[in-house]
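Residue-level structure breakdown
Residue strings, one per chain:
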Amino acid sequence: MDADHQRLIRQVRQRLEALTRAGLDRIPLGPLPEFPPVQAAQPLPQANRAEATEAPPIDRPEPQEARPTLPTTAQGPRRRPSPPNPKTAPAIPTMLGSLFDEPAIAEPVLPPEERPEALRVLAEEIAGCIRCEILCANRTNTVPGEGNATARLMFVGEGPGQTEDETGRPFVGKAGKLLDDMISKGMGLRREDVFIANIVKCRPPNNRDPEPEEVRNCIGYLERQIAIIRPEFLCLLGKPAAQTLLNTSMPMGRLRGKWQRYKGIPTIATWHPAYLLRNPSAKKDTWEDLQMLMKAMGIPIQKRGAGG
Ligand code: SF4
């Protein structure tokens, strides 16, 4: 191969590299566009070298939920809602930790009108579950959870107690009464505005904590409920729920009182209502936690307490 031939090959290779850098992934027909010659890199002044070796900050985008296909109406395709007005939208809480600690929910977003039925089908599946030998041998009812299938806020506790086991409904005993007060008297919401669930759906005997294996068996049901409901906020009640969903062994005293994220969802952990019944002085903490939620949700805060 003579020198002219080699020079020609070098020019073609340089031209192809320039095209690739310009974002072309195929060769256009016709004459190629002209690109400025590549400048040789100039040596940096000594003072700037350390700075140049640091990686630039990466502006990572917030994880996006898969967009649902919008149904078509008689008037044509339904329009997507406008983005929120930054002047009127509630303040976005400052989150601790990275937005990328955990992947966002991978399942597609269900249209709101399909969510109640999806939850009902899931509750039927839970009712037939026999994964935990001891729990299903002792249960009267499974307690899948209840509430608004399009709730902005979801409460997650530990597991059903005796009254919940007897009725098949979450948080209906003494602790449930206090949770009702937290929701209504504290936050000014109604119980039917929120969704209430637990990390295990069957009552552990003698109200013991669920075993790690039982939590592992059951947590998928809660994850599917969250994926169906798509709450904007989570409130985790008590240590087992907080440590499980936040994947940590930190004590409640360090988990509460600050924003966390579960799969991208802004999350607050606070004391379980049953703990508050035994330790009324901790209600002050829970009221502070609820106020953080209320601020983020745009709910006016008035002079009222979390259940007294
Ligand atoms: S606790 Fe959950 S996984 Fe275990 S038997 Fe009940 S529904 Fe099934």
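What follows covers the environment of Ala197. Within the secondary structure, Ala197 is located in strand E5 (residues 195-198). Between the alpha carbons of Ala197 and Phe171 there is a distance of 8.5 Å; along the sequence they are 26 residues apart. Apart from residues lying up to four places away in sequence, Ala197 is in contact with Gly145, Met154, Val156, Pro170, Leu222 and Gln225.

Spatially, E3-E5-E4-E6-E8-E7 is the arrangement adopted by the six strands of the open sheet, whose pairing is mixed. Only two strands of the sheet have a single partner each, and these edge strands are strand E3 (146-147) and strand E7 (260-262). Relative to strand E6 (residues 233-237), helix H8 (residues 239-246) is tilted by about 130°, and along the sheet it contacts strand E4 (153-157), E6, E7 and strand E8 (265-270). Relative to the sheet, helix H11 (residues 283-297) contacts E4, E6 and E8, its axis offset from that of E8 by approximately 165°.

As a further point, take the nonpolar core. Proteins that are soluble and globular tend to have nonpolar side chains buried together. Counting residues in each nonpolar core, the largest one holds 51 residues, and the members touching the most others are Met154, Phe155, Val156, Val194, Cys235 and Leu236. The element contributing the most residues to this core is helix H7 (residues 212-229), with seven residues. In contact with Leu236, other than residues within four places in its own chain, are Val156, Ala241, Ala242, Leu245, Thr267 and Ala269.

Next up on the list: unusual backbone geometry. A positive phi angle is found at Arg230, which is not glycine, with a value near 55°. Relative to the assigned elements, Arg230 resides in the loop between H7 and E6. Since 19 C-beta atoms lie within 10 Å of it, Arg230 is described here as partly exposed. Positive phi values are uncommon outside glycine, yet Lys263 reaches one of about 50°. Look at Lys263 and you get partly exposed, because 17 C-beta atoms sit within 10 Å.

Moving on to the site of the ligand. If you check the shell around the ligand, you find 14 residues, and the closest are Cys129, Cys132, Cys202, Asn217 and Cys218. Elements with a minimum of two residues in the shell around the ligand: helix H4 (133-138) and H7. No other element matches H7, which puts three residues into the shell around the ligand. Broken down by class, the residue content of the shell around the ligand amounts to nine nonpolar, two polar and three charged.

About the criteria used
- Residues numbered from 1 in each chain as written.
- Predicted model: local features only at pLDDT ≥ 70, side-chain atom pairs only at ≥ 80, totals over all residues.
- Helix = DSSP H or I, 4+ residues; strand = E, 2+ residues; numbered from the N terminus.
- Contact = placed C-beta atoms within 7 Å.
- Pairing = 2+ DSSP bridges.
- Axes fitted to C-alpha atoms, helices over the stretch in contact; angles between N-to-C directions.
- Core = buried A, V, L, I, M, F, W, Y, C linked by C-beta atoms within 7 Å.
- Buried ≥ 20, exposed ≤ 12 C-beta atoms within 10 Å, placed from the backbone.
- Near = placed C-beta within 6 Å.
- Nonpolar A, V, L, I, M, F, W, Y, C, P; charged D, E, K, R; others polar.

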